Amino acid sequence: MPPKRKSTAKAAPAAKKSRPSTDAESVASAEPETVETPAPAAAQQPAATTTTKAAPKKKAVPSRWTIPSCSANIAAQYKAFLTDGKQDPFAFALMCDAPFSNSDEDDEEDEDEEDTAINKEKDDGDKPKCDGGKKCYCTQLYDDHPEHPYVMTRAAKSMFMDLFSHCEVRDPDNFSMYTFNDHSAYGALEVLQNLILDFEEADTWQEKWAVCEALGCFLKNDSYGTLASRIDDGEGADATWQLMGRMFLSMLAQFERDGLLAADGPVKNLGFIMAVWMSIPSDMRGYGLLEESKPEPLGPVKAKGAKKWWPHSFDRQILAYARKYDIALKGLHNLDDLVQEIEAEGEGELPDPAHNTAKSDVFHYQRELTRYKQRYGSGPHFMSTYGRKKQTKPKSAMGGDNLDLTAWTPAERKAAAYDKKDPLGKKELDMIKQGAVMSRG
Ligand SMILES: [Zn+2]
């Protein structure tokens, strides 16, 4: 079950969100929750069995955030989680279930009942029922049950839950406000763009991979994860999904260069996360996205007789990588159908490893990122200015928190509120100043 949007109109800030309050419990059951008190997470989580080098010092990146705002607070909490040394943020942790709808029951076509029952039994095996993280898999690590498909790094779990908070503060319904029709959809787009920037700014492959894990699972959420596809700019939405697909392929190309693309390598959830990303083009075709693109040469543009690929069908390259490196795709109920669907189009070509250098950018991700920023960075005028007194973003700057309503001034919120009062009271504003994050209440 995906997190639901709040049914009551007014958002209430929660007590400061603890880290990682986002432990598997809330990811697995994915029920909206108000985090009232810091969870004794450290006690629940087993000790890490692997350690990761501390990230090298960050290069200076201009801040995307308004201070104070919930977006800034969420980003600060994530950064603290990565660096506070309490737990290995990149340990691979289990979840009882996939953090998105993933069963035949969710499909429109009803399968034969008996068949569903058999599948269920097979899926569940000896796994204990999810008890919200007491004795179930949700507090265990990959090494405890290496056969279990639902695995995410702690960092990715944390980031994944953050994405819902980011979307909630960009939804005027939660504040009893009306701004413009597409505010929440463009807000969700702003959230996706921030992840693309997080990937760009990451210093280590672990940080980049956490973005891929969290984003892939988020895109499979059928409410907030697909919300950005509903903006009134279909071309811009399509460009965003294509760019994200390229981003994931650039990660796989990096893994290939670094020898990390292996069934028994250090990336323990390759089979699950690759399956997740491989399913996205098929999912999004239901929303009218990722239906076509122009073919491009793979690898260096000038390479003679370059192979071709189509950026909208990045699922074909993912399947080809999985086969080339013997990575068992897993964790999706419709995996077999999906593989058949992709095979019907023909297996994708992969770049020649000899051409796969960091500089050659085989899937032309950097080139397209630059183009995307120029073209869609500041979005339509209301993405950067609507309701705001002044243009708050430089041109071609993507992401940020311009549509986060907690980043708006009280006067800006008042003007758009149904009752012409600031939906955030002094208490809420003080809490945001102190670093609080709005609740998923
Ligand atoms: Zn569980």
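Procedures and definitions
- Residues numbered from 1 in each chain as written.
- Predicted model: local features only at pLDDT ≥ 70, side-chain atom pairs only at ≥ 80, totals over all residues.
- Helix = DSSP H or I, 4+ residues; strand = E, 2+ residues; numbered from the N terminus.
- Buried ≥ 20, exposed ≤ 12 C-beta atoms within 10 Å, placed from the backbone.
- Contact = placed C-beta atoms within 7 Å.
- pLDDT = per-residue confidence, 0-100.
- Axes fitted to C-alpha atoms, helices over the stretch in contact; angles between N-to-C directions.
- Parallel < 35°, antiparallel > 145°, perpendicular 65-115°, else oblique.
- Left-handed = near helix turned anticlockwise from the far one by under 90°.
- Nonpolar A, V, L, I, M, F, W, Y, C, P; charged D, E, K, R; others polar.
- Expected span 1.5 Å × (residues − 1).
- Core = buried A, V, L, I, M, F, W, Y, C linked by C-beta atoms within 7 Å.

Participant: So, the overall build of the chain: which residues are in play, and what are the values?
Facilitator: When its secondary structure is counted, the chain shows 16 helices and four strands. Looking at the 441 residues of the chain, the share that counts as buried comes to 48%. A sequence separation of at least 24 residues applies to 77% of the contacts in the chain between residues at least 6 apart.

Participant: I'd like a description of the environment of Ala-417, backed by residues and values.
Facilitator: Here Ala-417 is to be found in the loop between α15 (410-416) and α16 (426-433). Exposure remark for Ala-417: the 20 C-beta atoms within 10 Å place this residue in the buried category. Put simply, Ala-417 and Thr-179 are 238 residues apart on the chain and 8.4 Å apart in space, counted from C-alpha to C-alpha. Contacts of Ala-417, omitting those with residues within four sequence positions, involve Ser-176, Met-177, Asp-422 and Pro-423.

Participant: So what's going on with the environment of Asp-352? Residues and values would help.
Facilitator: Relative to the helices and strands, Asp-352 resides in the loop between α12 (335-345) and α13 (365-376). Note on Asp-352: 15 C-beta atoms within 10 Å, which makes it partly exposed. Considered as a pair, Asp-352 and Gly-299 are 53 residues apart in the sequence and their alpha carbons are 7.4 Å apart.

Participant: Requested: an account of the confidence of the model for the chain, with residues and values cited.
Facilitator: Detailed reading of the predicted coordinates is not advisable wherever pLDDT is low. Here the chain averages 82 in pLDDT, while 75% of its residues score no lower than 70. Across residues 1-52, where pLDDT falls below 50, the model places 136 contacts with residues more than four positions away in sequence or in other chains. Ignoring residues within four places in sequence, the model shows residues 107-123, a span with pLDDT below 50, making four contacts including any to other chains.

Participant: Lay out the packing of helix α9 (residues 234-257) against α13 in plain terms, naming residues and giving numbers.
Facilitator: Packed helix pairs are specified by the crossing angle of their axes together with the interaxial distance, meaning the distance between the axes. Where α9 contacts α13, the two axes come as close as 10 Å, and the packing angle between them is 155°. In terms of orientation, α9 lies roughly antiparallel with respect to α13. Handedness of the crossing formed by α9 with α13: left-handed. Contacts between α9 and α13 involve Gly-236, Ala-239, Leu-243, Arg-246, Met-247 and Ser-250 from the former and Tyr-365, Glu-368, Leu-369, Tyr-372 and Tyr-376 from the latter. Residues that form the contact of α9 with α13 fall into these classes: seven nonpolar, two polar and two charged.

Participant: Could you give an account of helix α6 (residues 183-201), with specific residues and numbers?
Facilitator: Helix length check: α6, at 19 residues, gives a terminal C-alpha distance of 26 Å against a target of 27 Å (1.5 Å per residue), a fit within 8%. A large share of α6 lies buried, amounting to 16 of its 19 residues.

Participant: Can you break down the nonpolar core residue by residue, with the values?
Facilitator: Grouped burial of nonpolar side chains is what soluble globular proteins tend to show. Core analysis: the largest hydrophobic core is formed by 110 residues, its most contacted members being Ala-188, Ala-214, Phe-248 and Met-274. Here this core gets eleven residues from one element, more than from any other, and that element is α9.

Participant: Which residues make up unusual backbone geometry, and what are the values?
Facilitator: Of note, the bond from Ile-67 into Pro-68 is cis; its omega dihedral lies within 30 degrees of zero at -5°. Residue position: Pro-68 is located in the loop between α2 (41-44) and α3 (70-83). Phi angles above zero are rare outside glycine, and Leu-290 is one such case at about 55°. Looking at the secondary structure, you find Leu-290 in the loop between α10 (270-285) and β3 (296-297). The class of Leu-290 is buried, set by 24 C-beta atoms lying within 10 Å.

Participant: For the packing of α3 against helix α5 (residues 154-168), give the residues involved together with the corresponding values.
Facilitator: One can describe the packing of α3 onto α5 by two numbers: an axis separation of 11 Å at closest approach and a directional angle of 175°. Of the possible angle classes, the one that applies to α3 and α5 is roughly antiparallel. Contacts from Cys-70, Ser-71, Ile-74, Tyr-78, Phe-81 and Leu-82 in α3 reach Ala-155, Ser-158, Met-159, Asp-162, Ser-165 and His-166 in α5.

Participant: Outline the environment of Arg-170, listing residues and values.
Facilitator: Position of Arg-170 among the secondary structure elements: in the loop between α5 and α6. Assessed through the 28 C-beta atoms surrounding it within 10 Å, Arg-170 is described here as buried. For Arg-170, the residues in contact, after removing those within four places along its chain, are Ser-184, Gly-187, Ala-188, Glu-190, Val-191, Leu-403, Asp-404 and Leu-405.

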